[in-house]
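A structural walkthrough
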6 protein chains.
Amino acid sequence: MPFVRIDLFPGRTDEQKANTARAITEALVQHAGCTPQSVQIVFAEVKKSDWATAGVMASAPQPAE
Amino acid sequence: MPFVRIDLFPGRTDEQKANTARAITEALVQHAGCTPQSVQIVFAEVKKSDWATAGVMASAPQPAE
Amino acid sequence: MPFVRIDLFPGRTDEQKANTARAITEALVQHAGCTPQSVQIVFAEVKKSDWATAGVMASAPQPAE
Amino acid sequence: MPFVRIDLFPGRTDEQKANTARAITEALVQHAGCTPQSVQIVFAEVKKSDWATAGVMASAPQPAE
Amino acid sequence: MPFVRIDLFPGRTDEQKANTARAITEALVQHAGCTPQSVQIVFAEVKKSDWATAGVMASAPQPAE
Amino acid sequence: MPFVRIDLFPGRTDEQKANTARAITEALVQHAGCTPQSVQIVFAEVKKSDWATAGVMASAPQPAE
C-alpha cells in the first residue's frame, strides 16, 4: 500500500507518465509517510467519448465557459 | 462529486452512451441532490472474455437458464 | 454487467439512494439496452475530508466561486 | 455480490483467465460463504508502461533485486 | 501486480477473509503465473443499503425467486 | 479529469491528506498537463485486516524481511 489509480484522457507520453508517477510517489513518501517501495500507481486511459461531465460527453462540442 | 464508473460490455454506440450519461446525471440531480456540474461519469468497457459470472467467462457458451 | 460504482459524499438517506438506484437502472435499461436483472449499483460514501478538488480538501473552507 | 476486479499486466490467455476465474469463484464459495451465481469477476489489463512501482514504470529497465 | 479488489457485503470474519485471500493468491499463482509476493488483495465492505441489484437495494425485502 | 483514487491504510491525519492531495495535484499539473481545477482526488482507507499481500493479511504478524 498505497495503491493509486489515475483515470485520465489519453494523450500523455510514456515520459510524462513516468515523471508523473515519480512525483506522485515522492508526494506519498514526503507527506503521507509511505515507503517508496510500497507505492503502486496505475494509469487508466479513458477516451473522451467515454467520459461525461454535467451530462455531456467530453467528446461533444463543449459550451463556452 | 459524485464520480460514477460503469463497467459494461462493449457494443454501445457513442449516442447510447451519451443518452445514458444524460439520464444518469438527471437521476443524481433529481434523487440525490447533486448539481449537474458536479456529476462525472466514466464508461469502462470490459470484453466478454474478461468478465466471469459464477466462474464462467461471459465469452463461453452459456448454459440455458 | 453492468456494474456501477458511485463515489459520493455522505448525507443521502436510504430512500434517496433507493430512488437514485432505481432511476439509474431504468436509464441503463432504456438507453443502453441492459436487462434490469443485470444492473448492479454500489454507493461508496467518501467523507469531505477524504476528497480533494483542485488540490483543496472538500472539508476545507472553499473559495468563493 | 461479491464483485471482484483484478488489475494485471497483459499476457494471460483466455484459458488462463477462465481457470483463474473458476478458482477464485471457488475460493469465495468455500471460504467466504458466497453462492457461485453471486460472484462476478472482471480482469482489467494494464500495460507495463501504465504501471509504476516505487516510482518506476514496469516498462523501464528494472534494478537488480 | 496483480491488484485485486473485492466488493462484498459485511459479515465475514477476519479468519474468513484471511482464508479467502490465501486461496485467491494461490489461484493467481497457479493459474495466472503470478508470484505470491506480487499479489495484493483488498476487501471493501459495502452495506446492503448501499448495493442495488435490478434497481432494488439489497436491504429491501427481496421478491421470491 | 483526471480522477485519482488512493487506497491506503488508515492513520494519516487530515493535514497529511491535505498536503498529499496538494502535492499530487501539482504533480499532475506540472508533469501531465492537467489544469488544477480538473484534478479530483479521493482517499479510501482500507484496514490492515482487509488488505493482503502475498496471501497474508497486513494485520497478521509479518515475517522478517
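Structure shown above.
Below is a summary of the structure that appears in this document. This structure is a prediction, so every number in the text was calculated from the model and none was measured.

**A word on the sheet that holds strand β2 (residues 40-45) of chain E**
Strand order in the open sheet made by the eight strands is β4(B)-β3(B)-β2(D)-β1(D)-β1(E)-β2(E)-β3(F)-β4(F), with mixed pairing throughout. Of all strands in the sheet, those with a lone pairing partner are β4 (56-57) of chain B together with β4 (56-57) of chain F, marking the two edges. Examined bridge by bridge, strand β1 (residues 3-8) of chain E and β2(E) share six bridges and lie parallel to one another. In the sheet register, E:Phe3 faces β2(E), and the bridge partner there is E:Gln40. Contacts from helix α1 (residues 14-32) of chain D reach β3 (51-53) and β4 of chain B, β1 (3-8) and β2 (40-45) of chain D together with β1 of chain E, with the element oriented near 140° to β2(D). Packing of helix α1 (residues 14-32) of chain E onto the sheet brings it into contact with β1 of chain D, β1 and β2 of chain E together with β3 (51-53) and β4 of chain F, and relative to β2(E) it is tilted by some 140°.

**Here we look at the environment of C:Glu45**
Residue and element names in this part refer to chain C. Tracing the backbone shows glutamate 45 in strand β2 (residues 40-45). If we ignore the near neighbours within four places in the chain, the residues touching glutamate 45 are Leu8, Pro10, Gly11, Arg12 and Lys17. Here the side chain of glutamate 45 touches lysine 17 through a polar contact of 2.7 Å, side chain to side chain.

**Details of the relation of the copies chain F and chain C**
The transform that puts chain F on chain C rotates by 120° and translates by 0.0 Å along the axis, for an RMSD of 0.0 Å. Read as a symmetry element, the transformation amounts to a three-fold axis. For chain F, the minimum C-alpha distance to the rotation axis belongs to F:Ala44 and amounts to 5.6 Å. Different-surface contact between copies: only 7% of interface residues of chain F are shared with the interface of chain C.

**Regarding the side chain of D:Thr25**
Mapped onto the elements of the fold, D:Thr25 is located in helix α1. At 3.5 Å, the side chain of D:Thr25 and the backbone nitrogen of B:Gly55 are in polar contact. Among residues more than four places away in sequence, those in contact with D:Thr25 are B:Ala54, B:Gly55, D:Pro36, D:Val39 and D:Ile41.

**Details of the side chain of A:Asp7**
One can find A:Asp7 in strand β1 (residues 3-8). Among the residues examined, A:Asp7 registers a relative accessible area of 1% and is labelled buried. At 2.4 Å, the side chain of A:Asp7 and the side chain of B:Arg5 are in polar contact. Not counting residues within four places of it along the chain, the set of residues in contact with A:Asp7 comprises A:Ala44, A:Val46, A:Trp51, B:Phe3, B:Arg5, F:Pro2 and F:Phe3.

About the cut-offs
Residues numbered from 1 in each chain as written. Chains lettered and ligands numbered in written order. Predicted model: local features only at pLDDT ≥ 70, side-chain atom pairs only at ≥ 80, totals over all residues. Heavy atoms only, no water. Pairing = 2+ DSSP bridges. Helix = DSSP H or I, 4+ residues; strand = E, 2+ residues; numbered from the N terminus. Contact = heavy atoms within 4.5 Å. Axes fitted to C-alpha atoms, helices over the stretch in contact; angles between N-to-C directions. Polar contact = N/O pair within 3.5 Å; in protein donor to acceptor, adjacent residues only side chain to side chain. Least-squares fit on C-alpha atoms with pLDDT ≥ 70 in both. Buried < 20%, exposed > 50% of the residue type's maximum accessible area, 1.4 Å probe, protein only.

Read these as layout, nothing more, since geometry by itself doesn't imply function.
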